[in-house]
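Report on the structure
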Amino acid sequence: MKAIVYERYGSPDVLELKEVSKPTPKDNEVLIKIHATTVTSGDWRARTLEMPAGFGFMARLVFGISKPRQPILGTELAGEIEAVGKDVKKFKVGDQVFAFSGASMGCHAEYRCMPEDGEVVPKPANLTYDEAAALSFGGTAACSFFRRAGLQSGEKVLVNGASGGVGTAAVQLAKHFGADVTGVCSTANVELVKSLGANRVVDYTKEDFTKNGETYDVIVDTAGTAPFSRSKGSLKERGRLLLVLGGLPDLLRVPWVSMTSRRKVIAGPAAVSVEDLNFLAKLADAGEFKPVIDRRYPLEQIAAAHRYVDTGRKKGNVIITLVHGD
Ligand SMILES: NC(=O)c1ccc[n+]([C@@H]2O[C@H](COP(=O)([O-])OP(=O)(O)OC[C@H]3O[C@@H](n4cnc5c(N)ncnc54)[C@H](OP(=O)(O)O)[C@@H]3O)[C@@H](O)[C@H]2O)c1
């Protein structure tokens with residue numbers, strides 16, 4: 001099968017289209033023929049090892065000390081089940097699914113095996129493969145952080161970096177949970193963020209949300225520009241700051257913030273579950289959550305997709321489409 005392989009860390013030039021062996025499902029696995037996948041900020045980090053402050057060494061332990069342990073990137077996919085292992089009960093050949101492989105990656109290929117009890121669930125019928133491929137990365141991160149924050153209906157939420165992969169999901173999910181949502185983005189993305197349901201949008205090139213006197217129950221920072229030191233004055237007394245993007249120093253400050261104030265900082269990796277994937281599928285099916293698609297590239301042009309994602313300015317999601325010859 002065709003796959004995009006990287007054997008060293010670096011720029012998009014390290015990516016190569018190669019023929020590799022097609023995987024065979026184990027007894028408890030399904031083999032998925034991939035129709036669409038994405039290039040996310042997670043792929044950019046795993047390809048370059050550019051990590052938030054203090055996480056460089058840990059990243060090498062996870063991804064490979066001197067070279068990538070998993071040579072195929074890609075954290076999410078949508079496709080069709082082509083074969084099932086003998087013990088598989090939940091899926092059958094021909095089922096349309098989407099899946100999240102997270103840090104184990106491997107979705108930038110024509111096929112991938114997943115355990116039937118892993119993060120693989122039926123694709124909502126009203127979504128295209130392109131849309132379904134983009135349900136997981138931002139959606140699961142937003143779900144995980146909102147759950148940890150105990151987000152309540154009626155609370156005021158600010159999403160910093162509202163136009164990115166995680167931000168576009170966070171705005172829509174916060175609205176679904178009944179929050180009053182303010183999005184922060186650059187001028188070009190104001191209309192997009194409004195269209196996702198934000199009650200207000202702050203254009204960060206014209207206004208500093210930390211200086212306009214507004215306060216929030218929950219602030220989500222996906223851009224890394226709203227650490228506690230900057231946003232504490234914009235948090236209500238029992239406000240929670242969700243550092244989707246935060247460095248080790250931010251993480252180490254968490255206990256100190258809890259000891260010295262009633263505000264809370266929540267940071268670290270998002271926890272992903274099959275329940276969250278089913279929840280996102282249900283919302284998408286009901287038309288309450290729709291992944292934002294910015295650009296599409298064929299698998300053969302994935303390096304161009306990476307170059308665009310590397311800018312850190314994508315709007316929602318960048319899709320890779322696969323056309324199978326058979
Ligand atoms: N903790 C976790 O488990 C977890 C999970 C997923 C992602 N992440 C991290 O979260 C970060 C965001 O991921 P993503 O996929 O959403 O990235 P992305 O799609 O590249 O989006 C980044 C967004 O940041 C915005 N931005 C840039 N400068 C800004 C500023 N000064 N103020 C406000 N917004 C600004 C950009 O919008 P404009 O173009 O409008 O500026 C862009 O939409 C990444 O660093 C990723 O590694 C962490």
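Right, let's walk through the structure included here. Model, not experiment: these values are computed from the prediction. (Residues numbered from 1 in each chain as written. Predicted model: local features only at pLDDT ≥ 70, side-chain atom pairs only at ≥ 80, totals over all residues. Heavy atoms only, no water.)

In the vicinity of the ligand there are 26 residues, among which Arg 45, Ser 186, Tyr 204, Ala 270 and Lys 314 approach most closely. Between Ser 163 and the ligand, the recorded distance is 2.9 Å, taken from a side-chain N or O atom to an oxygen atom. In the environment of the ligand, a nitrogen atom lies 3.0 Å from a nitrogen or oxygen atom belonging to the backbone of Val 244. The protein chains hide 86% of the 930 Å² of surface that the ligand would expose on its own. Only helix H1 (41-48), helix H4 (136-149) and helix H5 (165-176) provide two or more residues apiece to the shell around the ligand. Among the elements that take part in the shell around the ligand, H4 stands out by supplying three residues, more than any other. Here the residues of the shell around the ligand sort into eleven nonpolar, twelve polar and three charged. (Near = heavy atom within 4 Å. Polar contact = N/O pair within 3.5 Å; in protein donor to acceptor, adjacent residues only side chain to side chain. Areas by Shrake-Rupley, 256 points an atom, 1.4 Å probe, with all protein chains shown as cover. Helix = DSSP H or I, 4+ residues; strand = E, 2+ residues; numbered from the N terminus. Nonpolar A, V, L, I, M, F, W, Y, C, P; charged D, E, K, R; others polar.)

Counting residues in each nonpolar core, the largest one holds 48 residues, and the members touching the most others are Phe 98, Phe 146, Val 157, Val 159, Val 171, Leu 173 and Leu 242. Among residues more than four places away in sequence, those in contact with Val 171 are Val 159, Ala 162, Val 181, Val 193, Leu 196 and Ala 198. Within the second largest apolar cluster, 34 residues are counted, among which are Tyr 6, Val 14, Val 97 and Ile 320. (Core = buried A, V, L, I, M, F, W, Y, C linked by side-chain atoms within 4.5 Å. Buried < 20%, exposed > 50% of the residue type's maximum accessible area, 1.4 Å probe, protein only. Contact = heavy atoms within 4.5 Å.)

To continue, consider the environment of Val 265. As for its placement among the helices and strands, Val 265 is situated in strand S13 (residues 264-267). Classification of Val 265 as buried rests on a relative accessible area of 5%. Separated by 84 residues in the primary sequence, Val 265 and Val 181 have C-alpha atoms spaced 19 Å apart. Not counting residues up to four positions away in its chain, the partners in contact with Val 265 are Phe 228, Leu 241, Leu 243, Val 254 and Val 257.

This part takes up the sheet that holds strand S12 (residues 235-243). Think of a sheet as strands paired side by side through backbone hydrogen bonds, with each pair either parallel or antiparallel. Taken in spatial order, the six strands of this open sheet run S10-S9-S8-S11-S12-S13, and their pairing is parallel. In this open sheet, the two edge strands, each paired with only one partner strand, are strand S10 (200-203) and S13. The mean angle between the axes of side-by-side strands here comes to 15 degrees, regardless of whether they run parallel or antiparallel. Looking at chain direction, strand S8 (residues 156-160) and strand S9 (residues 180-185) are connected through five bridges and run parallel. Directly across from Val 159, in S9, lies its bridge partner Gly 183. (Pairing = 2+ DSSP bridges. Axes fitted to C-alpha atoms, helices over the stretch in contact; angles between N-to-C directions.)

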